[in-house]
Amino acid sequence: MIKIENLHKSYPIGKDSLHVLKGLDLHIKEGEFVSIMGSSGSGKSTLLNIVGLLDTHDEGKYYLNGQLIKDLNEKKAAILRNKFLGFVFQSFNLISYKTALENVALPLYYKGMGRKERLKIALEYLEKVGLKDWAEHLPNELSGGQKQRVAIARALVTKPKVVLADEPTGALDSTTTDSVMDLLKEINDEGMTVFVITHEEEVAAQTKRIVRLRDGVIISDKLTQQAKAV
Amino acid sequence: MFDLDRWREIFQSINKNKLRSALSGFTVAFAILLFTLLFGIVSGLSNTFKDAFVDDAQNSMFVRVWRTTKPFKGLQKGRAIQLTNEEYNYVTDEYGKKIQFKTARIYKNFNIKYRNKANNYNVRAVHPDHQYLEKTKVYEGRYLIGRDLKEKAKVIVIGRLIKEDLFGERPALGKRLNVNGISYKIVGIYSDDGGDNEERIAYIPVTTAQMIYGNNDHISQIFLGYNPNLNLDQAVAFGNQLERDLRKKLDIHPDDQSALSVRNMAEANKNVGQFMGILYAIVILVGSGTLIAGIIGISNIMIFIIKERTKEFGIRKALGAKPSSIVAMVVQESILITTIAGYLGLSLGTYILSLIGDSLEDDYFIKDPSVSPTIVVGATIVLIIAGLIAGYLPAKKAANIKPIVALSAD
Ligand SMILES: Nc1ncnc2c1ncn2[C@@H]1O[C@H](COP(=O)(O)OP(=O)(O)OP(=O)(O)O)[C@@H](O)[C@H]1O
Ligand SMILES: [Mg+2]
């Protein structure tokens, strides 16, 4: 599903440049549940953003669903994101003036689906994350955990192949963290590839594979107990 | 453009962000309002000026005489100057090509009587061309014609109000009037836009008047319409030349304005034209200034709005929005706001102008101020295009920011 070979990324800082990713190789197959760990500044978000086509890499090869990602313009990137990828951000990134339902339905709008149909589907997904009764609420009327569940529903609504989550539980307490992780497990069980960044060992332990990053290189890549249990 | 869903997105964005929508709308509405008022007031001024000259033909010229104020060629000052047929014929012979209409005028005031009703009226003895110079509209019968003059006929053309005074509702055409003891036949009745006084005048043939009243060839004034093919400068020159020639012919000092002068509409027209030209230049300057201020206002607000929405655009892009759909959304929103606001400003402006109406006519010479729809529509189109550009450029920029950069904006 995701194949990365010798990936490099630098950020220009003034005249210098900061070499963040230093030749990563990573292969994630369809249906995997992978977590990335590493200290702050190790390049986790940078990697996820490149995988999510939100940012571009400098060197190396990246294949998404078998397609080589190279010289994408914004339009093509938008189409690929809409088709293959769902995002869950640490800070939720819901649109503040849209209701929970409208937020969830938005990716379907960009897919070109009619209003009635997309609201119906969006409501199904809100139900799935246990927020059917909150459909007409604005984001600022929801708790952090509820917002993140809305964001997950939004990430899932287009039935993407890969869900990318950058510290989805970073802003949540332990109870809501569990409910969010349960959701991610559930969608992985349904066959979706899930790729999460986390700082928390307990969260990582609930995934099936942990990739550890330090200073832009992978230092370990192991299957967890979860994977062995299956 | 007619994507219902996109319009729904836009209405929601406008509706949920009332303050910023109102802000940008206000700028446009205000610019259009000022623009409308400005043009309205100037058109009011221009109406006043046009009106002042509408009564007589635009190309008219009067030759007037009075007393000399300067001695000349041994003649004392204070001598009364008298025009006669000789000068009239001289002018019409000498300058035939430069003249479109020509008439003499003799001013009289007579008691006119029909049966038991009588009144004093101004009577003018004229040539047939007088009709065109005074813009007299004969609505019953006819005006004076060449044959009347040749036959020195005792015929009279009366104004609408003389007819009403003496005849009321009864027919007057063909009836005989007693003018100072002499009987004239009414051959025509006219109306005139110049106001009441202009419709209480009676016209008789100049030849008849000369025969009956004094038996001489005196005339009071020569009234001409210069050839409309002359441009203003040529017409002014013609008037000056005429003035010089006639002074010379009548032994008047070349600078004696009082003894003989030519009042030339061309000069007045030229002055009014220059004045209006300056006025319009100022208006165009101020008007475009207003518009430019409006345009800059919208642009600034759009830049601000788009900056504020950068993160939203990042989210939308992460969810699969193409840059073009973001640009289209912003531009349509911008156009919608400018159009509605422009229309509001326009309506308010025309409403205020209609309230002003003619109330400023006496003190400020502003008559019936209004703006032509073309100008306003033009201005609105300019603003819409401005809104389009103002929205397009920053939106295009924002839409092409990498989503990751846009998402981290705050
Ligand atoms: N847009 C950018 N411009 C310049 N430097 C950047 C940019 N984004 C990230 N960096 C730098 O690149 C390095 C890696 O950043 P990244 O966000 O990938 O770290 P991370 O592993 O996600 O850290 P954290 O756990 O704190 O989120 C950091 O040193 C960061 O300062
Ligand atoms: Mg990070």
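As a reminder, the structure under discussion sits directly above these lines.
So, here's what we can say about the structure.

Conventions and cut-offs
Residue positions are counted from 1 within each chain, in the order its sequence is given. Numbering of ligands from 1 and lettering of chains from A proceed in the order in which they are written. Under the rules for a predicted model, residues below a pLDDT of 70 receive no local features and side-chain atom pairs below 80 are neither given nor counted, while totals for whole chains, interfaces and linings still include all residues. Think of the side-chain values as coming from all heavy atoms in the structure, minus any hydrogens and water. What makes a residue near a molecule or strand is one non-hydrogen atom of that residue sitting within 4 Å of it. Identification of polar contacts relies on pairs of N or O atoms within 3.5 Å, with a donor-acceptor requirement for protein atoms, meaning one able to donate a hydrogen and the other able to accept it, and with residues adjacent in sequence counted only if both atoms are side-chain atoms. Each accessible area is a Shrake-Rupley estimate made with a 1.4 Å probe; only the visible protein chains count as cover when residues are assessed. In DSSP terms, a helix is any run of H or I states spanning at least four residues, a strand is any run of E spanning at least two, and both are numbered starting from the N terminus. Any residue that is not Ala, Val, Leu, Ile, Met, Phe, Trp, Tyr, Cys, Pro, Asp, Glu, Lys or Arg is counted as polar, Gly included; the first ten are nonpolar and the last four charged. Relative accessibility decides the category of a residue: with a 1.4 Å probe and only protein chains considered, values under 20% of the type maximum give buried, values over 50% give exposed, and everything between is partly exposed. We treat two strands as partners when DSSP finds at least two bridges between them. The contact definition used throughout considers only heavy atoms, calling two residues in contact when any of these lie within 4.5 Å. Axis geometry follows a simple rule: fit a line to the C-alpha atoms, using only the stretch in contact for helices, then measure angles between N-to-C directions, giving values from 0 to 180 degrees. Criterion for a salt bridge: a side-chain nitrogen of Lys or Arg within 4 Å of a carboxyl oxygen of Asp or Glu. Seen with its strands pointing away from the viewer, a crossover is right-handed when the path leading from the first strand over the helix to the second is clockwise.

A word on the site of ligand 1
Residue and element names in this part refer to chain A. Within the structure, ligand 1 sits among 13 residues, and Ser40, Gly41, Lys44, Ser45 and Thr46 are positioned closest to it. At 2.5 Å from an oxygen atom of ligand 1 is found a side-chain nitrogen or oxygen belonging to serine 40. Lysine 44 is positioned such that a nitrogen or oxygen atom in its side chain is 2.7 Å from an oxygen atom of ligand 1. For ligand 1, the accessible surface in isolation is 630 Å², of which the surrounding protein chains cover 61%. Of all the secondary structure elements, the ones that give two or more residues to the shell around ligand 1 are strand 2 (16-28) and helix 1 (44-51). Taken together, the residues that form the shell around ligand 1 break down as three nonpolar, eight polar and two charged.

Comments concerning unusual backbone geometry
One can expect most non-glycine residues to show negative phi and most peptide bonds to be in trans. In the Ramachandran plot, glutamate 167 of chain A falls in the positive-phi region, its phi being about 45 degrees despite a non-glycine side chain. Secondary-structure assignment places glutamate 167 of chain A in the loop between strand 7 (162-166) and helix 6 (174-189). The exposure class of glutamate 167 of chain A is buried, given its relative accessible area of 14%. The phi dihedral of asparagine 215 of chain B is positive, around 50 degrees, even though this residue is not glycine.

What about the sheet that holds strand 5 (residues 67-68) of chain A?
Residue and element names in this part refer to chain A. Across the sheet, four strands lie side by side as 2-1-4-5; this open sheet has antiparallel pairing. Either end of the sheet is taken by a strand with one partner, and the two such strands are strand 2 and strand 5. Those strands touched by helix 1 are strand 1 (2-13), strand 2 and strand 4 (59-64), and its axis lies near 120 degrees from that of strand 1.

A few points about the pattern of salt bridges
Applying the stated criterion to the full structure yields 25 salt bridges over all chains. Taking the shortest distance from any N to any O, the salt bridge between aspartate 55 of chain A and lysine 402 of chain B comes out at 3.0 Å. Within this pair, whereas aspartate 55 of chain A is found in the loop between helix 1 and strand 4, its partner lysine 402 of chain B is found in the loop between helix 12 (373-399) and helix 13 (403-407), the two belonging to separate chains. Here aspartate 55 of chain A falls in the buried class, since its relative accessible area comes to 7%. One salt bridge in this structure joins arginine 212 of chain A and glutamate 201 of chain A, with 3.2 Å as the shortest N-O distance. Taken as a pair, arginine 212 of chain A in strand 9 (residues 209-214) and glutamate 201 of chain A in helix 7 (residues 201-205) lie far apart in primary sequence, 11 residues in all. With relative accessibility at 42%, the residue glutamate 201 of chain A sits in the partly exposed group.

Quick look at the pairing of strand 7 of chain A
The side chains of a regular strand alternate, first on one face of the sheet and then on the other. Residue and element names in this part refer to chain A. Taken across its five residues, strand 7 has five buried, putting it largely inside the fold. Going residue by residue along strand 7, you find Val162, Leu164 and Asp166 tucked away on one face and Val163 and Ala165 tucked away on the opposite face as well. When strand 6 (residues 85-88) meets strand 7, the two strands line up parallel, connected through four bridges. Each bridged residue has a counterpart across the sheet, and for glycine 86 the counterpart in strand 7 is valine 163. Two elements, strand 7 and strand 8 (residues 193-197), share five bridges in a ladder whose sense is parallel. Residue pairing for strand 8: valine 162 is matched across the bridge by threonine 193. In the classification by handedness, the crossover that spans strand 7, the intervening helix 6 and the parallel strand 8 is right-handed.

Purely geometric stuff here, so don't read any function into it on its own.
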